[in-house]
Amino acid sequence: WRFAALQPGLELLDAVETRYGHVALGRRGAQYSIVSDGRVETSFPDADQVRQDAAYFYAQAEGARRVLLLGGVASGLAAELLRYPLERLEVVQPDAEAFARLRTHLPPETMAALADPRLRLRFEDGRRFVNALAGDERFDLVLVLAGDPSTAYNNRYFTAEFYAAIARGMDPSG
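I will try to describe carefully the structure that is included in this document. Note that this is a predicted model, so its numbers are computed, not measured.

### Comments concerning the overall build of the chain
For the chain, the count of helices and strands is eight helices and eight strands. Here the C-alpha atoms of the chain give a radius of gyration of 16 Å, agreeing with the 16 Å that 2.2 N^0.38 yields for 174 residues. Each principal axis of the C-alpha atoms in the chain carries an extent, and together these give about 50 × 30 × 25 Å. Taking as baseline every contact in the chain between residues at least 6 positions apart, the subset at least 24 positions apart corresponds to 57%. Entry remark: accessible area of the chain is about 9,200 Å², with carbon and sulfur atoms responsible for 51%. In the chain, the 20 positive side-chain charges and the 24 negative ones have mean positions that sit 2 Å from each other.

### Description of the pattern of salt bridges
What the rule picks out here adds up to 12 salt bridges. The residue Arg51 makes a salt bridge to Asp48 at a minimum N-O spacing of 3.1 Å. One end of the pair is Arg51 and the other is Asp48, both in helix 2 (residues 47–60) and three residues apart, which spans about a single turn. Each of the salt bridges in this network shares a partner with another, and the network as a whole consists of Arg88, Glu90, Arg120, Arg122 and Glu124.

### What about the side chain of Thr110?
Among the structural elements, Thr110 can be located in helix 5 (residues 108–115). The class for Thr110 is buried, based on a relative accessible area of 3%. With residues near it in sequence (within four places) discarded, Thr110 still touches Val73, Gly76 and Ala79.

The rules behind the values
Residues numbered from 1 in each chain as written. Predicted model: local features only at pLDDT ≥ 70, side-chain atom pairs only at ≥ 80, totals over all residues. Heavy atoms only, no water. Helix = DSSP H or I, 4+ residues; strand = E, 2+ residues; numbered from the N terminus. Rg over C-alpha atoms; globule rule 2.2 N^0.38 Å. Contact = heavy atoms within 4.5 Å. Areas by Shrake-Rupley, 256 points an atom, 1.4 Å probe, with all protein chains shown as cover. Lys, Arg positive; Asp, Glu negative; His and termini not counted. Charge placed at Lys NZ, Arg CZ, Asp CG, Glu CD. Salt bridge = Lys/Arg side-chain N within 4 Å of Asp/Glu carboxyl O. Buried < 20%, exposed > 50% of the residue type's maximum accessible area, 1.4 Å probe, protein only.

In structure tokens form, the structure reads like this:
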């Protein structure tokens, strides 16, 4: 009932409460939506939008070879970024339990990306990962897909200290 009231028109497929919050998977037709704490976090598949986003992001660091992506696997962005000549795509997802629940609903392109040897999927808090970056690990492009700073958890990605930590892990040309 709660899900139907917050997301009218979405059919609830699965839901889980984890230490990161309440995550639900809904569907309307062929489109899936991940709903985190009552708000739509991402919807997939949306090939045209993801292709546009990937092109825009990649254009920000033309020639990027090493990319850090905080979130964004389910949206298809990781799969689309792998169409570019990347050496490595490091993807940090905070919630392994929620990801496991939605994995069976991911489109084939995303599943193929997860098997790509250039993609390294880590289940870890994004802020903790960034804070632990050593000077020897350099990224040409860092994408933070943490959602709006509407919760204390997401707000941690919108601080000067967080972006200073990212800067320590970026290549000077990134």
